[in-house]
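Close look at the chain arrangement
Here's the letter readout for the chains.
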Amino acid sequence: MHLNELFDVIFRWAHLIAGIMWVGNSMLFNWLDRNLEKSAELSRLSQGKIFMVHSGAFYDVEKKLLEPGEMPAMMHWFKWQNFSTWATGICLFVVVYYLNGAGFLVDPSVHDIDKTVAVTLSISALFVGWLIYDGLWRIVGENNPRVATVVSIVLLFASIFAFSQLFSGRAAYMQTGVLIGTLMTGNVWMCIVPSQHELINATKAKREQDPRLSIRAKQRSIHNNYLTFPLLFIMVSNHFGSATSHPLNWLILILVMIGGAGIRHFMNIRYRGGGRELAKAAWLLPAFGMGAFAIAGLMVVSRIVPKGVVDSTGPVAFSRVQEIVATRCITCHSAQPSDDVFRSPPAGVLFDTPAQIKVMAARIHLRAVEQQNMPFNNKTQITPEERGELGRWYRDGAKLDAPGPASAPR
Ligand code: HEC
C-alpha cells in the first residue's frame, strides 16, 4: 500500500467515525429538544422532561437552567466530536486533493490553473468564507436575520458556481463540503461554546447571562442543523460521477442542497402545533417531497447529456477497442501504471488483458462514453471519435471477437 493510500484510509476511517459521533449527538439533542414534555409541576427553571427506554433501563432527563451558584462538579461537553470530524476531514482533503500532484483538484478541461494557485485558492476560500459569513451574521444577522439568511444563501450558491468553474467537478463538491464543515466548526467554537461558557460563568457568578451570546449561539446552531444533510450528501458525492462531472454540476449540487435542507426543515417542525399523532404523519409527506425534489434535480439535470461523443458509423472490432484502451487508459489502469501520479491502478481497475476489459465493459461505457469523466481529466486525450467507437462496441454486445458476418463462429 502506498503512503498516500495509507493516510487516505486512516483519515477517512477516523473522519467517518468522528462524523457519525458528531452528527449523531447533534441529532439526538435536536430530537430531545423537540420532544421535551412541559408540565405545570416542573420547577421554574425547567424547560421540560423526557423519559426514554434504551439499553436495558429508563432514562429520566430534564432540560433546565440552574439556580445561581449551583453547579455540578462534573459537566459533559459535546465539542470534540465536532473538532475531530473537522480536523480529520481537513487532513483527508489535503491527502486526496492537495497531494497527489493536486491531480484530483485541477482538471485542465475545466480550468487550466497551476497546482500551487489552485491549492492557495482552495485554502483561502475557507478563511475568507468564514470571515464573510461570521461578519455578516455579527453585523447584520443579529438584528436582521432575514436579510442575512438571503445574502448567505446567495453567497453560498455563488461560491459553488465559482468552485465548479475553478476546480475539477468532484473537487468543487468537496471544496463546498469543506467550506460548509469549516463554517459549522467555526460556529461551534467561536459562537456556541463561548455561549455555553458564558452560561456557566453567569450561573456561578449568580448573574444574568449576556443575551447577545445566547441569541448568536442559537442562530448558529440552527444554521448547523440545516447544513447537516447537504453536507452529508457532499461527503458521498464522489460516488456519483453523473453529478460531479456534469457541466451543470453546480446546479445539481444546489438543487440537492435545497432538497436536503428541506428534509431537515420538515423534521425540525414535525411536532410543532396540534396533536402529536397528526403532526407525526404530516411532516413525512413534505419531507419525502423535498427528498424527491433533490433526486429529481439530480436525475433531470444529469440527463442533459454533454456532447463530446461522435458515434461510430460501423461496427467496431475488439482489436480496435484494445488499441484505444492501450493508448488512453492503460497508463493508469494497469498492474504497473506508467502515470506520474497514479502509482497503483486507480479503484483497482485493470485493463491489461481482454478478459479484464470485457468484464468492465459496462463501467467503461458509463465512464468513458456516457459521463465522459474517464480518462481522468482526459489526461491521455481521448478523442470524441474514440469514445464513439467504445460506445458502439459496447452496444453491439462487447464481444471479444471480430464483428459482423466475417466473425468466426464461437
Ligand atoms: C490519468 C489516470 C487515468 C486514466 C488515463 C484513466 N483512468 Fe480510470 N480511473 C482513474 C482514477 C483516479 C479512478 C478512481 C476515481 C474515480 O472513479 O473517478 C479511475 C476509475 C476508473 C473506473 C472505476 C470506477 C467505476 O466507475 O467503476 C473505471 C471503470 C475507469 N476508471 C475507466 C477508465 C477508462 C475506460 C479509461 C480510458 C478510456 C480510463 N479509466 C483512464 C484514473 C485514470
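Residues numbered from 1 in each chain as written. Predicted model: local features only at pLDDT ≥ 70, side-chain atom pairs only at ≥ 80, totals over all residues. Heavy atoms only, no water.

**Quick word on the side chain of T182**
Our working rule: Put simply, DSSP H or I for four residues or longer makes a helix, DSSP E for two residues or longer makes a strand, and each gets a number counted from the N terminus. Burial classes: relative accessible area under 20% of the type maximum marks a residue as buried, over 50% as exposed, and values in between as partly exposed (1.4 Å probe, protein chains only). Contacts described as polar in this section are N or O atom pairs within 3.5 Å, which, within protein, must combine one atom able to donate a hydrogen with one able to accept it, while residues neighboring in sequence count only if both atoms come from side chains. What makes two residues a contact is simply this: any of their non-hydrogen atoms within 4.5 Å.
Mapped onto the elements of the fold, T182 is located in helix α5 (residues 169-204). With relative accessibility at 12%, the residue T182 sits in the buried group. A polar atom in the side chain of T182 sits 2.6 Å from the backbone oxygen of V178. Once you skip the residues sitting within four places of it in the chain, T182 turns out to touch W86, I90, L126 and W130.

**Brief notes about the packing of aromatic side chains**
Inclusion rule: Only Phe, Tyr and Trp rings are paired, with Trp represented by its six-membered ring, and only when their centres lie within 6.5 Å; those with planes under 30 degrees apart are stacked, over 60 edge-to-face, the remainder tilted. Here, a charge over a ring means that NZ of Lys or CZ of Arg falls within 6 Å of the ring centre while also lying within 35 degrees of the ring normal.
With the rule as written, the count across this model stands at 16 aromatic pairs. With centroids separated by 4.9 Å and ring planes inclined at 70 degrees, the aromatic side chains of F29 and F78 adopt a geometry described as edge-to-face. Of this pair, F29 sits in helix α1 (residues 3-35) while F78 sits in the loop between β2 (57-64) and α2 (80-98), and the two are 49 residues apart along the sequence. On the numbers, 6.2 Å between centres and 65 degrees between planes, the contact of Y97 with F104 is edge-to-face. Across the pair, F104 and Y97 agree in class, each one buried. Here the aromatic residues F93, Y97, Y98, F104, F342 and F376 are joined through ring pairs into a cluster of three or more. The ring of W77 is capped by K79, whose NZ or CZ atom sits 4.7 Å from the centre of that ring.

**Brief notes about the coordination of the iron atom of the ligand**
Threshold: Donor criterion used throughout: N, O or S atom within 2.8 Å of the metal, extended to 3.2 Å for Na, K and Ca. Water excluded; incomplete-looking sites may result. Angular criteria define each label, namely tetrahedral for four donors with all angles between 85 and 135 degrees, square planar for four and octahedral for six donors with opposite donors over 155 degrees apart and remaining angles between 65 and 115, and irregular for whatever fails these tests.
Note on the iron atom of the ligand: its protein donors are H333 (NE2) and M374 (SD). The metal-donor distances range over 2.0 to 2.2 Å. Bound by six donor atoms, the iron atom of the ligand shows angles of 88 to 179 degrees at the metal and therefore octahedral coordination geometry. Placement of H333 in the loop between α10 (318-328) and α11 (354-359) and of M374 in the loop between α12 (361-370) and α13 (384-395) is noted, with a sequence separation of 41 residues between them.

**Considering unusual backbone geometry**
In this model, M374 is joined to P375 through a cis peptide bond whose omega is -10 degrees. Assignment of secondary structure puts P375 in the loop between α12 and α13. In this structure, S55 takes a positive phi of about 40 degrees despite not being glycine. Along the chain, S55 falls in the loop between β1 (46-54) and β2. Its identity is not glycine, yet Q381 carries a phi of approximately 55 degrees, on the positive side. Residue position: Q381 is located in the loop between α12 and α13. For Q381, a relative accessible area of 58% translates into the label exposed.

**A look at the site of the ligand**
The criterion, for reference: Any residue with a heavy atom lying within 4 Å of a molecule or strand is counted as near it.
Around the ligand, 22 residues are found, and the nearest of them are C329, C332, H333, R367 and M374. Between the ligand and the protein, one listed contact pairs a nitrogen atom with a side-chain N or O atom of H333 at 2.8 Å. At a separation of 2.7 Å, an oxygen atom of the ligand approaches a polar side-chain atom of R367. Element by element, the count of residues in the shell around the ligand is highest for α12, at three residues.

**Some details on the pairing of β1**
To keep it simple, the criterion reads: DSSP bridges decide pairing: two strands pair if at least two such bridges lie between them.
Bridge count between β1 and β2: eight bridges; the pairing is antiparallel. Residue pairing across strands places K49 opposite E62, the latter belonging to β2. Hairpin remark: β1 followed by β2, antiparallel, with two residues in the connecting loop; positive phi at S55, about 40 degrees.

**Observations regarding the domain arrangement of the protein**
Stated formally: As annotated, the domain borders come from an automatic or database domain assignment. Once two parts are joined, some of their accessible surface, as seen by a 1.4 Å probe, is lost; buried area is that loss totalled over both. The classification used treats Ala, Val, Leu, Ile, Met, Phe, Trp, Tyr, Cys and Pro as nonpolar, Asp, Glu, Lys and Arg as charged, and all other residues, Gly among them, as polar.
Segmenting the protein into domains produces domain 1 (3-35 + 77-303) and domain 2 (318-395). Look at where the C-alpha atoms of domain 1 and domain 2 centre, and you get two points 35 Å apart. In this assembly, 10 residues from domain 1 lie in contact with seven residues from domain 2. For the pairing of domain 1 and domain 2, the buried interface totals around 690 Å² over both sides, and the portion due to carbon and sulfur atoms is 51%. Taken as a group, N100, F104 and S245 account for 42% of the area that domain 1 buries against domain 2, more than any other trio of residues on that side. Run the count over domain 1 and domain 2 and you get four residue pairs in polar contact (both at pLDDT 80 or more). Tallied by class, the residues present in the side of domain 1 that touches domain 2 amount to three nonpolar, five polar and two charged.

**Section: the packing of α12 against α13**
The axes of two packed helices give the description: the angle between them and the distance between them. Put simply, the rule is: Fitted lines through C-alpha atoms serve as axes, helices being fitted only where they are in contact, and the angles separating the N-to-C directions of these axes extend from 0 to 180 degrees. Handedness of a crossing is defined here by the sense of rotation of the near helix relative to the far one, left-handed for an anticlockwise turn of less than a right angle and right-handed for a clockwise turn.
Interaxial distance between α12 and α13 falls to 10 Å at its minimum, and their mutual angle equals 150 degrees. For the element pair α12 and α13, the recorded crossing hand is left-handed. Residues A361, A362, I364, H365, A368 and V369 of α12 form the contact with α13, whose participating residues are R387, L390, G391, W393 and Y394. Grouping the amino acids of the contact of α12 with α13 by side-chain chemistry returns eight nonpolar, two polar and one charged.

**Comments concerning the layout of surface pockets**
The test is simple: A 1.4 Å probe that fits but cannot get out identifies a cavity on a 1 Å grid over protein atoms alone, an open set with protein on both sides within 12 Å along at least five of seven lines counts as a pocket, and a residue lines either if it has an atom within 4 Å of a point. Grid points are joined across faces, edges and corners, and a volume is the space filled by probe spheres set on the points.
Size it by volume and the second largest pocket reaches roughly 820 Å³. As for the second largest pocket, its lining consists of 29 residues, and the residues nearest its centre are T149, S152, I153, L156 and L227. Broken down by element, the lining of the second largest pocket gets its largest block of residues, nine residues, from helix α4 (residues 145-166). Here the lining of the second largest pocket is built from residues that sort into 22 nonpolar, seven polar and no charged.

**Topic: the nonpolar core**
Which entries qualify depends on this criterion: Put simply, a nonpolar core is a bunch of buried Ala, Val, Leu, Ile, Met, Phe, Trp, Tyr and Cys residues held in one set by side-chain atoms that sit within 4.5 Å of each other.
Counting 49 residues, the largest nonpolar core has Y97, L105 and I180 as its most contacted members. Where this core is concerned, the elements lending two or more residues are α2, α3 (115-141), α4, α5, α6 (211-236), α8 (249-268) and α9 (276-303). Looking at this core, the element that brings in the most residues is α5, giving nine residues. Two domains each put at least three residues into this core: domain 1 (3-35 + 77-303) and domain 2 (318-395). Contacts of Y97, omitting those with residues within four sequence positions, involve A102, F104, L105, R170, A171, M174 and N238. Within the second largest apolar cluster, 17 residues are counted, among which are V321, I364, W393 and A398.

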